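# Working through the structure, step by step
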Amino acid sequence: MPNKKKTILVVGGAGYIGSHMVRKLIRGNHAVVVLDNLSTGNRKLIQGGEFVPGDLGDRKTLDQLFSSHAIDAVMHFAAFSQVGESMHHPLKYYRNNIAATITLLDAMVRHSVKHFIFSSTAAVYGEPEAIPIIEDHPCIPTNPYGNTKLAVERMLADCDAAHDLKYVALRYFNAAGADGSGEIGEMHDPETHLIPIVLQAASGQRDHIQVFGTDYPTTDGTCIRDYVHVNDLAQAHLLALDALLEGAGSAVYNLGSSKGYSVREVIGKAEAVTGHKIPVMEAPRRAGDPAILIASSDRIKKELGWKPVYDDLGAIIESAWNWHTKERAARA
Ligand code: UDP
């Protein structure tokens with residue numbers, strides 16, 4: 001099956017993870033159509049496939065797209081994804097992440113597209129009761145972002161039952177790093193994610209990094225997260241796609257490295273990788289942040305044979321630094 005060319009619609013293919021997926025699909029011999037409204041994505045990150053500018057919440061655009069292309073599967077990356085922002089602007093998140101996704105799923109049902117891969121998140125779990133977190137852990141999100149992703153997962157289960165729409169929901173832990181080419185990488189404006197901000201501080205683009213919360217019940221008081229390389233995430237999508245196209249049932253999988261690093265440890269690793277001192281400023285906790293998130297990814301390893309290539313945070317940061325330095329040089 002992997003050698004048989006399929007046509008995949010990548011919604012949000014101009015974003016950080018979506019653009020890595022597009023590259024991976026093209027390398028895997030698939031035809032790719034990217035739908036993106038460029039609200040947070042960047043045209044220059046789309047390095048292949050056919051680009052359809054437009055919004056996933058626009059029924060007319062979707063009808064045209066599904067009528068003019070024989071889409072075999074849809075991958076959906078086009079969501080707002082910042083925990084902090086979601087606390088302050090919940091309706092923005094409900095509108096884009098849920099309402100627009102309903103429009104997309106509705107179009108898929110009307111056009112009989114039966115395979116869907118969904119970017120879900122560790123934020124569906126909320127405060128973990130046990131570490132590492134397994135997929136059967138209770139889902140009690142602590143922020144609107146997590147609520148929106150959980151709502152879509154539930155919608156997908158209902159669509160499977162009613163419409164035979166088969167899906168894989170991939171619960172990402174902290175996506176990080178960049179493709180080895182240095183041609184695509186993480187690029188948000190404004191940037192809110194830890195590793196790119198740390199690298200901006202390392203290269204002098206920012207004066208310092210704020211550490212949000214130093215009184216968490218962790219070894220050094222800062223939050224612990226599980227960082228997983230973006231190309232390993234993309235590879236997991238490819239495996240999920242193959243499984244669905246071969247007739248597998250719907251499934252939910254965690255995607256993480258199964259290792260946790262505190263914010264201070266990330267900063268320390270980044271100093272070692274970049275060779276630059278990173279000035280730190282302690283700041284209050286960021287609302288909605290659980291103290292510790294570490295995945296068990298055993299289920300996808302066992303069922304789909306996922307083998308992440310990057311198991312070292314230093315190597316992940318190095319790939320991000322490679323992109324960061326190339327991107328800075330290109331803009332200079
Ligand atoms: N964080 C921080 N300073 C920053 C950005 C993030 O201390 O400028 C912390 C944040 O509170 C969280 C961790 O770094 O504990 C990872 O945050 P990020 O936004 O990268 O990902 P999230 O875990 O929210 O998906």
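For the structure given in this document, a descriptive report is provided here. (Residues numbered from 1 in each chain as written. Predicted model: local features only at pLDDT ≥ 70, side-chain atom pairs only at ≥ 80, totals over all residues. Heavy atoms only, no water.)

## As for the nonpolar core
Put simply, the test is: Among the buried residues, those of types Ala, Val, Leu, Ile, Met, Phe, Trp, Tyr and Cys that are joined through side-chain atoms within 4.5 Å form a nonpolar core. Relative accessibility thresholds used throughout: buried, under 20% of the residue-type maximum; exposed, over 50%; partly exposed, between the two (1.4 Å probe, protein chains only). Secondary structure elements follow DSSP: runs of H or I of four or more residues count as helices, runs of E of two or more count as strands, with numbering from the N terminus. Residues count as neighbours in contact if any of their non-hydrogen atoms are within 4.5 Å of one another.
Within the largest apolar cluster, 36 residues are counted, with the highest numbers of intra-cluster contacts made by Leu25, Met75, Leu170, Leu241, Leu255 and Ile300. Those elements giving two or more residues to this core turn out to be strand S1 (7-11), helix H1 (16-27), strand S2 (31-36), strand S4 (73-76), strand S6 (166-172), helix H7 (230-245), strand S11 (251-255) and helix H9 (298-304). It is H7 that provides the largest number of residues to this core, a total of 10 residues. The residues touching leucine 170, leaving out its near neighbours within four places in the chain, are Ile117, Phe118, Ser119, Ser120, Thr121, Ala236, His237, Tyr253, Leu255 and Ile300. Core analysis: the second largest hydrophobic core is formed by 29 residues, Met108, Cys159, Tyr167 and Ala169 among them.

## Comments concerning the site of the ligand
Our working definition: Any residue with a heavy atom lying within 4 Å of a molecule or strand is counted as near it. The definition of a polar contact used here is a pair of N or O atoms within 3.5 Å, where within protein one atom must be able to donate a hydrogen and the other to accept one, and adjacent residues in sequence count solely through side-chain atom pairs. Accessible surface is estimated by sampling points in the Shrake-Rupley manner with a 1.4 Å probe; for residues, cover comes only from the protein chains shown. Think of it as three bins: nonpolar holds Ala, Val, Leu, Ile, Met, Phe, Trp, Tyr, Cys and Pro, charged holds Asp, Glu, Lys and Arg, and polar takes everything else, Gly as well.
Near the ligand lie 16 residues; those nearest to it are Leu194, Gln210, Arg225, Arg286 and Asp289. The contact in question runs from an oxygen atom of the ligand to an N or O atom on the side chain of asparagine 174, over 3.0 Å. Here an oxygen atom of the ligand sits 2.8 Å away from a polar atom, N or O, in the main chain of leucine 194. Here the ligand has 520 Å² of accessible area as a free molecule, and 91% of this is covered by the chains. Among the elements of the structure, helix H6 (194-202) and strand S8 (209-212) are those that each provide at least two residues to the shell around the ligand. Among the elements that take part in the shell around the ligand, S8 stands out by supplying 4 residues, more than any other. Grouping the constituent residues of the shell around the ligand by class yields 9 nonpolar, 4 polar and 3 charged.

## Observations regarding unusual backbone geometry
A negative phi angle is the norm for most residues apart from glycine, just as the trans form is the norm for most peptide bonds. In this structure, the amide linkage connecting isoleucine 131 to the following residue, proline 132, adopts the cis form with an omega of -5°. Backbone geometry at aspartate 164 places phi at a positive 60°, although glycine is not the residue there. The residue aspartate 164 is located in the loop between helix H5 (144-163) and S6 in this model. The phi dihedral of serine 258 falls on the positive side, at around 70°, and the residue is not glycine. Positionally, serine 258 belongs in the loop between S11 and strand S12 (261-262).

## Brief notes about H7
The cut-off we apply is this: Any helix carries an expected span of 1.5 Å times its number of residues minus one.
An ideal rise of 1.5 Å per residue puts 22 Å on 16 residues; H7 measures up with 23 Å between its terminal C-alpha atoms. Buried residues dominate H7, accounting for 14 of its 16 residues. Just downstream of H7 lies glycine 247, where phi reads positive at about 100°.

## Some words on the pairing of S4
In summary, the side chains of a regular strand alternate between the two faces of the sheet. As a reminder, the rule being used: Only strands joined by at least two bridges in the DSSP assignment are considered to pair.
Neither face of S4 is left uncovered, since the one carrying Ala73 and Met75 and the one carrying Val74 and His76 both have all their residues buried. Here S1 runs beside S4; their pairing, made up of 4 bridges, is parallel. Counterpart to isoleucine 8 in the pairing with S4 is alanine 73. Direction of pairing for S4 relative to strand S5 (residues 115-121): parallel, over a ladder of 3 bridges. Looking across to S5, one finds that histidine 76 is bridged to phenylalanine 118.

## Considerations on the packing of helix H2 (residues 59-68) against helix H4 (residues 90-110)
Rules: Each axis is a line fitted through C-alpha atoms, and for a helix only the stretch in contact is used; angles between axes span 0 to 180 degrees, taken between their N-to-C directions. By the definition used in this description, the sense in which the near helix is turned from the far one sets the handedness, with an anticlockwise turn below a right angle giving left-handed and a clockwise turn giving right-handed.
Put simply, H2 and H4 touch, their axes get as near as 10 Å, and they point 35° apart. Here the hand of the crossing between H2 and H4 comes out right-handed. Across from Arg59, Leu62, Asp63 and Phe66 in H2, the residues of H4 making contact are Thr103, Leu104, Asp106, Ala107, Met108 and Arg110. Across the contact of H2 with H4, the residue classes break down as 5 nonpolar, 1 polar and 4 charged.

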